[in-house]
Amino acid sequence: MLIHSASQLLTTAGGPQRGHDLGNLEVIKDGAVLIEGGLIVETGASEDLLAKYPDQEQINARGRVVMPGFVDPHTHVLWAGDRALEFELRAQGRSYLEIMEAGGGIVSTVKATRKASLADLKSQTRKRLQNMFAHGTTTVEAKTGYGLEMKSELRSLQAYLELAEEVPQDMVITFLGAHAVPPEYAGAPEGYTALVCREMLPGIKKWWSKHTSRSLPFVDVFCEEGAFNLSQSRLILETAQSLGFAIKIHADEFKNLGGARLAAELGAVSADHLVVTSQEDIEVLAGSDTVAVALPCTPFGLAEGDYTPAQEILSAGGLLAVATDLNPGTAWCESMQFAVALACRYMNLSPAQAIVAATINAAAAVGKESEVGSLEPGKKADIIILDVSDYRHLGYRFGINLVHRVIKDGKYVPSEEFS
Ligand code: NIG
Ligand code: FE
């Protein structure tokens with residue numbers, strides 16, 4: 001199949017982009033891309049590829065922008081119920097941490113998620129994955145973390161494994177058993193930390209190899225006041241590593257506990273949130289291969305003014321990615337287009353920088369940079385066609401879906417075929 005006549009074919013070729021190198025879209029004007037067997041074979045000028053491959057099935061992009069599908073490298077897409085009541089309370093002035101201390105927050109979603117059946121969890125989650133796909137997200141990182149006990153965490157993993165077989169997206173699964181201290185361990189995070197290390201991590205490893213041939217999930221931890229402190233986070237992540245899991249961390253969302261530095265020290269694939277990270281910690285992180293994942297939908301969702309200091313991260317030479325953080329508490333947003341729009345405004349990224357942060361750099365944040373995130377020979381043909389002729393409309397425009405078509409593994413997937 002040959003997609004041709006793209007006003008701009010954004011290839012984002014050449015690998016993840018560090019520091020001020022961020023923003024190189026490698027645009028081919030009047031571009032085309034040849035796909036075979038679900039993979040990209042060649043990119044180039046439409047004129048050249050049409051002459052070279054005259055017999056291919058063709059999609060005429062008619063002057064639209066063609067680019068890699070978005071990689072959303074941080075989501076909590078699986079949960080049951082909603083937190084509309086808390087949203088209303090926040091609108092009246094209560095803070096996220098206040099609500100969490102009063103027994104709301106993550107723990108209220110945990111209650112609903114524990115009660116939900118596998119089928120129910122899957123149908124609520126499938127709907128959100130469908131929305132994400134329609135908005136151009138072709139690879140989704142997906143965390144557990146609303147079970148917080150072995151049985152419900154395994155049910156969440158089971159739901160993800162089953163959904164991964166059904167939905168068009170590639171799913172990158174993450175075990176976030178240390179998302180919050182569950183009600184049974186209220187006031188005793190040490191006890192729950194010990195449970196995660198001694199029982200859950202080894203148990204999940206065993207369960208995983210029995211149920212799937214996929215490589216092990218990532219292990220993530222919420223390093224935050226009211227969740228897990230630095231030494232508990234370290235213990236969980238080091239235990240995970242010793243069992244062979246690759247790691248991620250939620251760091252510096254509200255309080256700086258030293259999570260970003262820990263991520264760099266342990267070689268985490270990513271450190272996420274990074275809102276209140278100190279200049280010193282930014283430099284340590286930027287000197288490592290850990291990707292800094294900014295989640296601008298979260299401060300927006302909480303109506304807070306502080307965003308990830310992207311310019312400082314870039315000046316220090318860091319690897320920056322953008323994600324939605326899709327979750328019921330702080331950011332129910334399925335759209336990477338909206339994350340890009342926020343990143344342009346509140347992190348001062350140019351549209352080109354935000355697009356790279358949402359594609360090839362986002363792929364690096366889930367260890368998939370050699371498979372997805374750019375249009376280069378040998379990579380998956382995960383492609384979106386936008387209903388605009390200038391890529392800067394991504395970021396500039398918001399609140400509507402600019403995606404005209406989504407092509408996954410070289411196949412156009414109409415949304416009605418999805419479910
Ligand atoms: O990334 N930080 C922890 N987890 C989510 C919030 C989850 C929730 O409130 O349900 C986040 O913001
Ligand atoms: Fe999160």
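Residues numbered from 1 in each chain as written. Chains lettered and ligands numbered in written order. Predicted model: local features only at pLDDT ≥ 70, side-chain atom pairs only at ≥ 80, totals over all residues. Heavy atoms only, no water.

Trainee: Lay out the packing of helix α7 (residues 189-211) against helix α8 (residues 230-242) in plain terms, naming residues and giving numbers.
Mentor: Running from amino to carboxyl end, α7 crosses α8 at an angle of 0°, the nearest separation of the two axes being 10 Å. It follows that α7 is roughly parallel to α8 by the angle criterion. Seen from α7, the contacting residues are P189, E190, T193, V196, C197 and L201; seen from α8, they are Q232, L235, I236, T239 and A240. Residues of the contact of α7 with α8, tallied by class, amount to seven nonpolar, three polar and one charged. (Axes fitted to C-alpha atoms, helices over the stretch in contact; angles between N-to-C directions. Helix = DSSP H or I, 4+ residues; strand = E, 2+ residues; numbered from the N terminus. Parallel < 35°, antiparallel > 145°, perpendicular 65-115°, else oblique. Contact = heavy atoms within 4.5 Å. Nonpolar A, V, L, I, M, F, W, Y, C, P; charged D, E, K, R; others polar.)

Trainee: Tell me what's going on with the site of ligand 1, and back it up with residues and numbers.
Mentor: The local shell around ligand 1 holds 16 residues, among which R83, Y96, Y146, H179 and D325 are the closest. Note that an oxygen atom of ligand 1 is positioned 2.5 Å from one of the side-chain N or O atoms of Y96. Within the side chain of H273, an N or O atom sits 2.9 Å from an oxygen atom of ligand 1. Across the complex, the protein chains shield 100% of the 320 Å² of accessible surface that ligand 1 would expose by itself. Across the shell around ligand 1, the residue classes tally to four nonpolar, nine polar and three charged. (Near = heavy atom within 4 Å. Polar contact = N/O pair within 3.5 Å; in protein donor to acceptor, adjacent residues only side chain to side chain. Areas by Shrake-Rupley, 256 points an atom, 1.4 Å probe, with all protein chains shown as cover.)

Trainee: I'd like a rundown of the packing of aromatic side chains, residues and numbers included.
Mentor: To describe a pair of aromatic rings, one takes the distance between the centres and the angle between the planes. With the rule as written, the count across this model stands at seven aromatic pairs. Look at Y185 and Y192: their rings are 5.6 Å apart centre to centre, the planes differ by 55°, and that puts the pair in the tilted class. For Y185, a relative accessible area of 25% corresponds to the partly exposed category. Under the relative-accessibility criterion, Y192 is labelled buried at 0%. Ring geometry for Y192 and F228: centres 6.1 Å apart, planes at 35°, overall tilted. With a gap of 36 residues between them, Y192 in helix α7 and F228 in the loop between β9 (218-223) and α8 connect regions that are remote in the sequence. Taken together through their ring pairs, the aromatic side chains of Y185, Y192 and F228 make up a single cluster. Stacked on the ring of F218, the Lys or Arg K248 has its end atom at 5.4 Å from the ring centre. A cation sits over an aromatic face here: R405 above Y412, 4.2 Å from the ring centre. (Phe/Tyr/Trp six-rings, centres within 6.5 Å; stacked < 30°, edge-to-face > 60°. Buried < 20%, exposed > 50% of the residue type's maximum accessible area, 1.4 Å probe, protein only. Lys NZ or Arg CZ within 6 Å of the ring centre and 35° of its normal.)

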